[in-house]
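# Coordinate inspection notes
Here are the chains, one letter per residue:
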Amino acid sequence: MSQVPSQNSIPSAPNLLVRPYVPGDHTSLCELWQRVFPDDPPHNAPELMIESKLAIAPDQLLVGYLDDDLVAAVIGGYDGTRGWIYHLAVDPSQRRRGYGERMVREAEQRLADAGCTKINLQVRSGNTTVIGFYQALGYAIEERVSMGRRL
């Protein structure tokens, strides 16, 4: 990614209010993530992810509202070397309206403001729709092996 778009070039996504998570968002965010990620493993339970994120950089857990409805969310992370985008979710009934892009661009801007110069993200290899979404936003598949270990 070359440069984060300026605030003026972030898609308008009409009426979408993007802001950091507050405790009153808890139930709606858990419900959204359960709808969008029904097959997530137990270690990705919404309650656990929210609790963990709030302990470190809570301003990087973003929610998107249309009126009184939480319809989108994303987690940004930055360790001083690389930024990450996690768990982008848009309610299935609200997709293809620019809300996903708006959430990604807001997360990118916040990461850039923190000094981040490169963002990584992971997508399950069979999720071609999401891969295409991120490619359209300027992300590229990098030749890497992703490894992990549960502690």
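About the thresholds
Residues numbered from 1 in each chain as written. Predicted model: local features only at pLDDT ≥ 70, side-chain atom pairs only at ≥ 80, totals over all residues. Heavy atoms only, no water. Salt bridge = Lys/Arg side-chain N within 4 Å of Asp/Glu carboxyl O. Helix = DSSP H or I, 4+ residues; strand = E, 2+ residues; numbered from the N terminus. Buried < 20%, exposed > 50% of the residue type's maximum accessible area, 1.4 Å probe, protein only. Arc of directions from axis to C-beta. Contact = heavy atoms within 4.5 Å. 1 Å grid on protein atoms, 1.4 Å probe; cavity = no way out; pocket = protein on both sides within 12 Å on 5 of 7 lines; lining within 4 Å. Points joined across faces, edges and corners; volume = space filled by probe spheres on them.

What the rule picks out here adds up to 8 salt bridges. One salt bridge connects E108 with R105, and the closest N-O pair in it is separated by 3.0 Å. Highlighted residues: E108 and R105, both in helix α3 (residues 99–113), separated by 3 residues, approximately one helical turn. Residues participating in the shared-partner salt-bridge network are E101, R105 and E108.

Let us now look at helix α1 (residues 26–36). Three or more residues of α1 are buried, namely L29, C30, L32, W33 and V36. Down the axis of α1, the smallest arc covering the buried residues is 160 degrees, so these residues share one side. Packed against the buried residues of α1 are α2 (46–55), β2 (61–66), β3 (69–78) and β4 (83–90).

Further remarks concern unusual backbone geometry. One non-glycine residue, A57, lies in the positive phi region at around 55 degrees. By secondary structure assignment, the location of A57 is in the loop between α2 and β2. Of note, the phi angle at H87 is positive, near 45 degrees, even though the residue is not glycine. Note that H87 resides in strand β4. Among the residues examined, H87 registers a relative accessible area of 16% and is labelled buried.

Before going further, it helps to spend a moment on the layout of surface pockets. Looking at the second largest pocket, its volume works out to about 690 Å³. Taken together, 23 residues line the second largest pocket, and the ones lying closest to its centre are L121, Q122, A140, I141 and E142. Those elements that place two or more of their residues in the lining of the second largest pocket are β5 (119–121) and α4 (128–136).

The values reported here are purely geometric and, on their own, carry no functional implication.
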